[in-house]
Amino acid sequence: MTEYKEWLRNKGLDYRDGVLYFADMNTLELAEQYGTPIYITDEHIIRKRYRELKNLLDTEYKNNQIHYAVKANSNLAILKILKSEGSGYDCTSQGEIFACLKVGVDPKSILYTGNMFTNKDFEFAVNNNIIINLDSVSQLDRLIKVHNKLGKQKNIISFRINPEFGAGHHAHTITAGKEIKFGILEDQVLDAYKLAQNAGFKKFGIHQHIGSGIINPKDFEKAAENYLSIVKTLASSLDIKFEFVDFGGGLGIPYKPEEEPLDIDIYRDMVIRPFKEIVETGVIGTPTFKIEPGRFLCAESTIILTQINTIKNNGFKLFAGIDAGFNTLIRPTMYGSYHHIELCNKQGREDIIEYDIAGPICESGDILGRKRMLPKLEEGDILAILDAGAYGFAMASSYNSRPRPGELLINNKSVFKIRKAETLENLLEGQSIPKHLG
Ligand code: LLP
């Protein structure tokens, strides 16, 4: 069992004289200087997580590539950090590809795993020489037409396979199984690749992503078994030597202090080793082993600092009202997700009380932490909401016409603004009033 202090330290946090420090910086001073709510990212943690994973892959199977799942956090600075580590990228939209290209990412290191692709999406990808990972057999026909229209060569193609075993922290994040919209089921796989061969594609990749927020390596094992058996059958039936076999993302992180981190050594034993054994048979060629972690690389790198403005005792229950809501971090409301909350000042006080931590949005579901035991809180106190680096800002909104917060990056005790906070004016941008309304 990871000790509490150690659990915090793994996320760049520690207490000094009752004050919470993040990335060696005093959180109270950061809140004072930059205002709240604010997202703050520790660059070091992203690099550390990337290297942990990369070392693990390198020791087992050298021909590997991590594709960071951009949807988790598409801030340009984050993309650039991962670029400097040698990461590839998994993108789900033109916007994500656009961001990667903006920071000088080589198009060859981008995989476009969209779903419900439009012809415009295909044109954008083909024009930019991005490898496409199709989500439906029917899309192939349209993609071929786009190639022909643009006069572009058909080179490499990949399909997303649905291995019919999914997992995830919430029903909405399980992405495999017969009822699920993603990927191609086993009985269509052979047809899909045969059609692609006949259409003139020369090189092939294959992909699966079973879900998100998986902490039990056994879940990966089960899916990998099904997936690898499909890969093998396909390779031998159509004589395909794969360029890459992509196992998707989904690697979870310990959001709760009592949770153990995902044991990546077991992940290696259950996923990479069986893959390697199949490669050694010679049937599938010598493909690059790919994975697409989002959360694992950046969730723990980021906290949100938020200030308590209201302590409300309704006679039944105590609420601590803060300036961050589900507009800032939607995961607790959307999935019932747990994000640990720490008091930045006055830690060590003995008078522990139960609070619901409530945001300012006009909906009862705007609770960022339920039944949290914290030292007696006061208006003006600062709280840190942990593990907000993945699907945090990326899913933030301006609901209730509240500007989205800014983002800071800390590197070796230097603070960099990586996104300005939106202003009230920004909220109105792009709108116009028709003349007849005066
Ligand atoms: N690859 C594909 C094709 C994906 O769809 C996803 C996530 C990933 C990789 C990265 O998954 P990760 O390693 O981050 O678990 N908003 C939800 C998560 C949705 C993830 C959707 N796809 C949340 O906040 O938990």
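Treat the numbers as computed from the prediction; the structure is a model and nothing was measured.

A. Geometry of the domain arrangement of the chain. On domain assignment, one finds that the chain holds domain 1 (4-42 + 299-428) and domain 2 (113-293). Contacts between the two partners involve 14 residues from domain 1, matched on the other side by 11 residues from domain 2. Three residues, Trp7, Tyr335 and Tyr338, lead the burial of domain 1 against domain 2; their summed loss comes to 49% of the area buried on that side. Connecting domain 1 to domain 2 are 0 salt bridges. Across the domain 1-domain 2 interface, the total number found is 4 residue pairs in polar contact (both at pLDDT 80 or more).

B. Examining the sheet that holds strand β12 (residues 288-291) more closely. An order of β5-β6-β7-β8-β9-β10-β11-β12 is seen for the 8 strands of this closed barrel, with the pairing classed as parallel. In this sheet, adjacent strand axes meet at a mean angle of 25° when their direction is disregarded. The pairing of strand β7 (residues 110-112) with strand β8 (residues 131-134) spans 2 bridges and is parallel. When the bridges of β8 are listed, Tyr112 appears paired with Ile132.

C. Spatial organisation of the pattern of salt bridges. Per the counting criterion, the structure on display carries 26 salt bridges. Linking Asp14 and Arg16 is a salt bridge whose minimum nitrogen-to-oxygen distance equals 2.7 Å. In this structure Arg16 comes out as partly exposed when scored by relative accessible area, which is 30%. Glu60 is the salt-bridge partner of Arg268, the closest N and O atoms lying 3.9 Å from each other. Pair noted here: Arg268 is in helix α10 (residues 264-280) and Glu60 is in helix α3 (residues 43-60), with a separation of 208 residues, a long-range link. Assessed through its relative accessible area of 10%, Glu60 is described here as buried.

D. Highlighting the packing of aromatic side chains. The full count for this structure, using the stated rule, is 14 aromatic pairs. Ring geometry for Tyr39 versus Phe393: centroids 5.8 Å apart, planes at 75°, classification edge-to-face. Here Phe393 lies in the loop between β18 (382-385) and β19 (406-411) and Tyr39 lies in strand β4 (residues 38-42), a separation of 354 residues in the sequence. There is no split in this pair, since Tyr39 and Phe393 are both buried. Note that Lys290 overlies the ring of Phe244, its terminal NZ or CZ placed 4.5 Å from the centroid.

E. Layout of the environment of Tyr21. In this fold, Tyr21 is placed in strand β2 (residues 19-22). Through-space distance from the C-alpha of Tyr21 to that of Tyr399 is 31 Å; in sequence the pair is 378 residues apart. Other than its neighbours up to four places away in sequence, Tyr21 contacts Gly12, Leu13, Asp14, Arg16, Asn26 and Thr27.

F. Structural view of unusual backbone geometry. Cis rather than trans, the peptide bond between Thr36 and Pro37 has omega equal to -10°. Note on placement: Pro37 falls in the loop between α2 (27-34) and β4. Its identity is not glycine, yet Asn400 carries a phi of approximately 65°, on the positive side. Residue placement: Asn400 occurs in the loop between β18 and β19. Its relative accessible area of 30% is what places Asn400 among the partly exposed residues.

G. Spotlight on α3. Its 18 residues give α3 an end-to-end C-alpha distance of 27 Å, which sits within 8% of 26 Å, the value for a rise of 1.5 Å per residue. Listed as buried for α3 are Glu43, Ile45, Ile46, Arg49, Tyr50, Leu53, Leu56, Leu57 and Glu60. Its side-chain oxygen 3.1 Å from the backbone nitrogen of His44, Asp42 forms the N-cap of α3.

H. Representation of the environment of Ile311 in the model. Structurally, Ile311 is set in strand β13 (residues 302-313). The spatial distance from the C-alpha of Ile311 to the C-alpha of Tyr355 is 9.4 Å, given a sequence separation of 44 residues. Leave out the neighbours within four places in its chain, and Ile311 touches Leu318, Phe319, Ala320, Leu377, Glu378 and Glu379.

I. Inspection of the pairing of strand β14 (residues 318-322) at higher detail. Strand direction decides the pairing type here: β13 and β14, joined by 5 bridges, are antiparallel. Along β14, the bridge assignment pairs Ile311 with Ala320. Here 3 bridges tie β14 to strand β16 (residues 352-358), and the two strands are oriented parallel to one another. Bridged to Gly321 within β16 is Ala358.

J. Up close: the site of the ligand. Around the ligand, the structure places 21 residues, and the nearest of them are His169, Ser212, Glu292, Arg331 and Tyr391. Residue Ser212 places a side-chain N or O atom 2.4 Å away from an oxygen atom belonging to the ligand. One of the side-chain nitrogen or oxygen atoms of Tyr335 is found 2.8 Å away from a nitrogen atom of the ligand. Contact with the protein chains covers 92% of the free accessible surface of the ligand, which is 590 Å². Within the shell around the ligand, the residues separate by chemical class into 6 nonpolar, 9 polar and 6 charged. The residues that make up the shell around the ligand include at least three from each of domain 1 (4-42 + 299-428) and domain 2 (113-293).

K. View of the nonpolar core. Of all hydrophobic cores here, the largest spans 87 residues; its most connected members are Tyr68, Tyr89, Ile132, Tyr193, Phe242 and Phe247. In terms of residue count, helix α9 (residues 217-238) provides more of this core than any other element does, 10 residues in total. There are two domains that each give this core at least three residues, and those are domain 1 (4-42 + 299-428) and domain 2 (113-293). Residue contacts for Phe242: discarding those within four places in its chain leaves Tyr193, Phe204, Gly205, Ile206, Val231, Leu234, Ala235, Ile284, Thr286 and Pro287. Residues Leu13, Phe22, Ile40 and Cys344 belong to the second largest nonpolar core, which totals 19 residues.

Conventions we followed
- Residues numbered from 1 in each chain as written.
- Predicted model: local features only at pLDDT ≥ 70, side-chain atom pairs only at ≥ 80, totals over all residues.
- Heavy atoms only, no water.
- Domains from an automatic or database assignment.
- Contact = heavy atoms within 4.5 Å.
- Buried area = accessible area lost by both parts, 1.4 Å probe.
- Salt bridge = Lys/Arg side-chain N within 4 Å of Asp/Glu carboxyl O.
- Polar contact = N/O pair within 3.5 Å; in protein donor to acceptor, adjacent residues only side chain to side chain.
- Pairing = 2+ DSSP bridges.
- Helix = DSSP H or I, 4+ residues; strand = E, 2+ residues; numbered from the N terminus.
- Axes fitted to C-alpha atoms, helices over the stretch in contact; angles between N-to-C directions.
- Buried < 20%, exposed > 50% of the residue type's maximum accessible area, 1.4 Å probe, protein only.
- Phe/Tyr/Trp six-rings, centres within 6.5 Å; stacked < 30°, edge-to-face > 60°.
- Lys NZ or Arg CZ within 6 Å of the ring centre and 35° of its normal.
- Expected span 1.5 Å × (residues − 1).
- Near = heavy atom within 4 Å.
- Areas by Shrake-Rupley, 256 points an atom, 1.4 Å probe, with all protein chains shown as cover.
- Nonpolar A, V, L, I, M, F, W, Y, C, P; charged D, E, K, R; others polar.
- Core = buried A, V, L, I, M, F, W, Y, C linked by side-chain atoms within 4.5 Å.

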